[in-house]
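# Topology and contacts: notes
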Amino acid sequence: MKPGMIDTSRIEAMVSQLKAAAAAAKGDVKQVDEEKPAARADFAAALRASLDSVNNAQHNAEQLGQRFALGDDSVNLSDVMISMQKANISFQATVQVRNKLVSAYQDIMNMQV
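Residues numbered from 1 in each chain as written. Predicted model: local features only at pLDDT ≥ 70, side-chain atom pairs only at ≥ 80, totals over all residues. Heavy atoms only, no water.

Once that is clear, we can look at the pattern of salt bridges. Going through the model one piece at a time under the given rule, you end up with one salt bridge. Between Arg-67 and Asp-72 there is a salt bridge, with its nearest N and O atoms 3.0 Å apart. (Salt bridge = Lys/Arg side-chain N within 4 Å of Asp/Glu carboxyl O.)

Moving on, we get to helix H3 (residues 77–109). With 33 residues, H3 should cover 48 Å at 1.5 Å per step; its first-to-last C-alpha distance of 48 Å lies within 8% of that length. Within H3, the full set of buried residues consists of Val-80, Ser-83, Ala-87 and Thr-94. On the buried face of H3, the contacting elements are helix H2 (43–69). (Helix = DSSP H or I, 4+ residues; strand = E, 2+ residues; numbered from the N terminus. Expected span 1.5 Å × (residues − 1). Buried < 20%, exposed > 50% of the residue type's maximum accessible area, 1.4 Å probe, protein only. Contact = heavy atoms within 4.5 Å.)

It is worth spelling out H2 at this point. Its 27 residues give H2 an end-to-end C-alpha distance of 39 Å, which sits within 8% of 39 Å, the value for a rise of 1.5 Å per residue. Where H2 is concerned, the buried positions are Val-54, Ala-61 and Gly-65. Tucked into the core, H2 has its buried residues touching H3. Just beyond H2, the residue with positive phi is Gly-71, at close to 95°.

Bringing the confidence of the model for the chain into the picture now. When pLDDT is averaged across the chain, the result is 82; 79% of the residues are at 70 or more. Mean pLDDT across the elements of the chain ranges from a minimum in helix H1 (residues 8–35), with 65, to a maximum in H3, with 94. Overall, residues 29–33 carries pLDDT values under 50, and its contacts beyond four positions in sequence, including any with other chains, amount to zero contacts. (pLDDT = per-residue confidence, 0-100.)

This is the structure in structure tokens:
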């Protein structure tokens, strides 16, 4: 193969792999549909899991900060700052979701029946 030429055999191999993966995915979807019905989404459980995730992120960030402040050599300042920012972003996202839920509730309550 000359420099600057496109290797078509590699492209064809990649396309065949993609086709095989797509066929496998289609087969898996049919099996799931045939085996059992779709599970109902439980809003309360999803909300609780999300809140627990935010709580865990904040708790881990706090622990890392305390370990760094106490002089633990295994904790870097960058790790502490990143974990604190992740916890802050997840908390802010949770507050925004809460605000949207409250707004939707108020809109529903103000509807005329």
